[in-house]
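# Survey of secondary and tertiary structure
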Amino acid sequence: MRRDATNPPPSAGEGARGAGGRGEPRSRLAALDAAPPETSLPSPDPLRGPPSPAEGGGRRVGLLCAFLVIAALALPSLALWRYASTLPPLDLTAASLRSTVVLDRKGQLLRPFATADGRWRLPVTASEVDPRYLAMLKAYEDRRFDTHPGIDPAATLRAAWQWLVSQRIVSGGSTLSMQVARLVEPRAERSLPAKLRQMIRAVELERTLGKAGVLDLYLALAPYGGPVEGLRAASLAYFGREPARLSFAESALLVALPQAPEARRPDRFAANARRARDRVLDIAAERGVLNTDEARAAKAEPVPSSRKPFPMLAAHAAEQAVAADPAARVQRLTLDARLQASLETLAAERAAALGPALSAAILVLDNRSGHVLAHVGSAGYLDAARAGAVDATNAVRSPGSALKPFIYALAFENGLAHPETLLDDRPARFAASYAPENFDQGYRGTVTARIALQQSLNLPAVDLLETVGAARFVARLRGAGATILLPRDTAPGLPVALGGLGITLTDLARLHAGLARAGSVPTIVRRLDGPPAPAEPERTVTDPVSAWYVADILRGAPPPENAPAGRLAYKTGTSYGYRDAWAVGFDARITVAVWVGRPDGASVPGLVGRTAAAPMLFDAFSRFGGEPEPLTRPREALVAATIALPPPLRHIRRDAPKTLAATLGVPLKIAYPPDGARVDLGLQGGKAEGEKTRLALKALGGQPPLTWMVDGLPVAESLRRQSDWSPEGAGFARISVMDATGTSDSVVVRLE
């Protein structure tokens, strides 16, 4: 039998040594060639007799030696098996603990939260890490990671031999799997039993998790100094970005730090960190991960000298999401991180320019889905001087004139007015005591509803609200899903037209998004994951035609300085005492709502919605990108000049007839009860069950039939000028009457 058929060829290393030697190496090879093959066995000779006593004794010695060798190998294995059987089951509960992270709609990190014990341990997998880092890690820490079962016998024997020769630890034999075992079960002592335990646990980890799972555990648990654990947290802390893209220098530093995380912290011991990084680069270059030029260039890069703050985008929204579902470690919101970052910068810059202690809030809604695309709760979450921790998007504030569009929408919906209906902007007194003025204290005379809303005139808005009824108006807003707060123990009155109620920026944005959606108010959606939100009934703020009328009017509102005209439908508002400045705008795509003011509600002289909030609104739209999309006009919409409108829609004026026929008779007027009267009906003393007190209603003039209304709700219709009404209880009541021509009159009485 030929030798080359029974023995394998020499390895590369053996071949190199044999080729370069002289004398003795060659004679040994020749001797081996001359010797009988190791695998050939002598054939039995039938003529040979039984073995001699000497030969039998030699065979017994050989068997004894073989037994001793097997025992020498088996006994440690048996002892190791017995030791492994005494270990408790592998517990990965603590190792699986991760920091809670809040992500945007595309998976980008918005804000991480530390674990309960103060560690930054962000979830990460090998697929999310730069391949160059992984190659460098394996080349430096564990070259045979992909092939060994959890322990590397060659590395272990090498480390043991070096320790025996030098009587000190020269190199470690720990694999990445053994390092993970030490991280999973941290122990302070460094002893042989502890090392054996690591080896056993490493094999268990490999069998339980596989190579990919073990590598993911290392990436998540490796220490990087202080409370920073895991590659992702370290990459964010030292380089300010995710580990998906790392340079050679950055990769080498992140490979080196876990070996001595406190002694090599770049923010404290930059020189130690640089030396450790450069050593990793040298070894990686020797083992082919990068070439010499790349290693030289990587060494020239500086080492970070400080830790960077972790991302804190949408801090308020992130906190609210975690509070709503504290068990979820990964929370994905509907926000757009790019837009969120841009608008946070916008709010901070504009608030700083407007003055001290001022804050700002911006909310962006996707009109089609109801998704919140941006949630800027303040001008800076960490800015204590501006009360940055207060989320102004959920604060109840006075909206000023920002709700006027919905007064007009209600009037349009009920057929009481049209965008080209004429309204009076003249000094007037309502309910005998309420005498509002325009913001500029001037008057325009007779104007169309379009101009009155575009210029935000107060008198026409209050006049319309009196016509539709304040209680009915507030009920419509609440029915659309808005939370409306009124002064304690007061009924809705005409001042609600000019901000005499409380509402949040979120609800204001939802209501205006309803105008962009043909009257259908969207349901706010903040999360892409988690349990589905309970189904809500469809809510409407007005009908499609009225919504388009209002949107078309607002698109023609004069824009702020240096802003393009006719592109956005928007409305501003300024609360009483210059405490709040508002601007809300929309197109077919999105709705943007802006608030500016002091979180403590203090007055800020000169704080006006048009100059403080409107420029931010237009800037926010430009940062969203794209061209504004106009709304589609409904087929039922009536586009006509004032003169072409039906007579009842041409002019809303209490003291003037709308038609020629109305001018021929006596003007309509309520004769009883008189305006401002106190009528004693015995309502406060209590009545027997079933007994009702009725109030007589009388009118003069007008053209029948007459429709009587109380607080905006119809209560009687009669061809006569007399009727009656049964009140529910004591209090103030607004009694109105309207004749067939649309002429009306109103009084306010107190029932007792």
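Everything in this summary refers to the structure shown in the same document.

Calculation notes
Residues numbered from 1 in each chain as written. Predicted model: local features only at pLDDT ≥ 70, side-chain atom pairs only at ≥ 80, totals over all residues. Heavy atoms only, no water. Helix = DSSP H or I, 4+ residues; strand = E, 2+ residues; numbered from the N terminus. Buried < 20%, exposed > 50% of the residue type's maximum accessible area, 1.4 Å probe, protein only. Contact = heavy atoms within 4.5 Å. Areas by Shrake-Rupley, 256 points an atom, 1.4 Å probe, with all protein chains shown as cover. Axes fitted to C-alpha atoms, helices over the stretch in contact; angles between N-to-C directions. Parallel < 35°, antiparallel > 145°, perpendicular 65-115°, else oblique. Nonpolar A, V, L, I, M, F, W, Y, C, P; charged D, E, K, R; others polar. Phe/Tyr/Trp six-rings, centres within 6.5 Å; stacked < 30°, edge-to-face > 60°. Pairing = 2+ DSSP bridges. Salt bridge = Lys/Arg side-chain N within 4 Å of Asp/Glu carboxyl O. Polar contact = N/O pair within 3.5 Å; in protein donor to acceptor, adjacent residues only side chain to side chain. Core = buried A, V, L, I, M, F, W, Y, C linked by side-chain atoms within 4.5 Å.

Turning next to the overall build of the protein chain. Scanning the protein chain from N- to C-terminus turns up 22 helices and 23 strands. Per-residue burial for the protein chain yields a buried fraction of 46% across its 752 residues. The long-range fraction of contacts in the protein chain, counting pairs at least 24 apart against all pairs at least 6 apart in sequence, stands at 70%. As presented, the protein chain carries roughly 37500 Å² of accessible surface, and 57% of it is formed by carbon and sulfur atoms.

Where helix H11 (residues 270-286) meets helix H12 (residues 292-300), the axes come as close as 10 Å, and the angle between the chain directions of the two elements is 170°. Between H11 and H12, the angle is such that the two are roughly antiparallel. Only Ala295, Ala298 and Lys299 of H12 make contact with H11, whose side of the interface consists of Arg274, Arg277, Asp278, Leu281, Asp282 and Ala285. Each residue belonging to the contact of H11 with H12 can be placed in one class, and the counts come to four nonpolar, no polar and five charged.

Turning our eyes to something else, we now look at the packing of aromatic side chains. All chains considered together, the criterion is met by six aromatic pairs. Taking 5.7 Å as the distance between ring centres and 85° as the angle between the ring planes, the aromatic pair formed by Phe412 and Tyr549 counts as edge-to-face. You can see Phe412 sitting in helix H15 (residues 404-413) and its partner Tyr549 sitting in helix H20 (residues 544-555), a full 137 residues away along the chain. Both residues of the pair, Phe412 and Tyr549, count as buried. Taking the centre distance of 5.2 Å and the plane angle of 85° together, the rings of Tyr570 and Phe618 count as edge-to-face.

With that settled, consider the sheet that holds strand S23 (residues 744-751). The strand order across the open sheet built from five strands is S17-S23-S22-S19-S20, with neighbouring strands paired in mixed fashion. Every interior strand has two partners, whereas the edge strands, strand S17 (678-679) and strand S20 (713-718), have only one.

Our focus in this paragraph is the pairing of S20. Here strand S19 (residues 706-710) runs beside S20; their pairing, made up of five bridges, is antiparallel. Bridge pairing in S20 links Leu706 to Ser718. Remark: two residues form the turn of the hairpin made by S19 and S20, two consecutive strands paired antiparallel; Asp711 in that turn has positive phi of roughly 55°.

Attention shifts here to the packing of helix H5 (residues 131-141) against H11. Running from N to C, H5 and H11 point in directions that differ by 90°, and their axes come no closer than 9 Å. On the basis of their axis angle, the class for H5 and H11 is roughly perpendicular. The residues of H11 that touch H5, namely those facing Met136, Ala139 and Tyr140, are Arg279, Val280, Leu281, Ile283 and Ala284. When grouped by side-chain class, the residues that make up the contact of H5 with H11 number seven nonpolar, no polar and one charged.

Here the focus is the pattern of salt bridges. Using the criterion set out here, one finds 38 salt bridges in the structure. Among the salt bridges present, the one from Arg201 reaches Glu204, with a minimum N-O distance of 2.9 Å. Separated by three residues within a single helix, Arg201 and Glu204 lie in helix H8 (residues 192-221), roughly one turn from each other. When the shortest N-O distance is used, the salt bridge between Glu206 and Lys211 registers 2.9 Å. The exposure class of Lys211 is partly exposed, given its relative accessible area of 23%. It is possible to trace a salt-bridge network through shared partners that takes in Asp117, Arg119, Arg121 and Glu229.

What follows covers the side chain of Thr334. Mapped onto the fold, Thr334 is located in the loop between strand S5 (330-332) and helix H14 (337-354). Among the polar contacts made by the side chain of Thr334, one reaches the main-chain carbonyl oxygen of Val372 at a distance of 2.7 Å. Reaching out from Thr334, the side chain makes a polar contact with the backbone oxygen of Val525 at a distance of 3.3 Å. The contact partners of Thr334, leaving out residues within four places of it in the chain, are Arg105, His371, Val372, Leu373, Val525, Arg526, Arg527 and Leu528.

Turning our attention to the sheet that holds strand S18 (residues 695-700). Strand-to-strand pairing in sheets goes through backbone hydrogen bonds, with the strands running parallel or antiparallel. Judged by pairing direction, the sheet is antiparallel, and its three strands sit side by side in the order S16-S18-S21 without closing on themselves. A strand with exactly one partner marks an edge of an open sheet, and here the two such strands are strand S16 (669-672) and strand S21 (722-725). Averaged over all neighbouring strand pairs, the angle between strand axes comes to 35°, with direction disregarded.

This brings us to the nonpolar core. In this structure, Leu403, Tyr408, Leu465, Phe473 and Leu511 are the most contacted members of the largest nonpolar core, which totals 79 residues. Element by element, the count of residues in this core is highest for H20, at eight residues. Excluding its chain neighbours within four sequence positions, the residues that come into contact with Leu511 are Leu403, Phe406, Leu477, Ala480, Ala482, Ile503 and Val541. If you look at the next biggest cluster of nonpolar residues, it comprises 55 residues, including Leu176, Ala181, Tyr238 and Ala295.

The next point concerns the pairing of strand S1 (residues 100-103). The alternating pattern of S1 places Thr100 and Val102 on one face and Val101 and Leu103 on the opposite face, and all of these are buried. Bridge count between S1 and strand S2 (residues 109-113): four bridges; the pairing is antiparallel. Its bridge partner being in S2, Thr100 is matched across the sheet by Phe113. Between S1 and S2, which pair antiparallel and follow one another directly, the connecting turn spans five residues, one of which, Gly107, has a positive phi of 90°. With three bridges connecting them, S1 and S5 associate as parallel partners. By the bridge assignment for S5, Leu103 is matched with Arg332.

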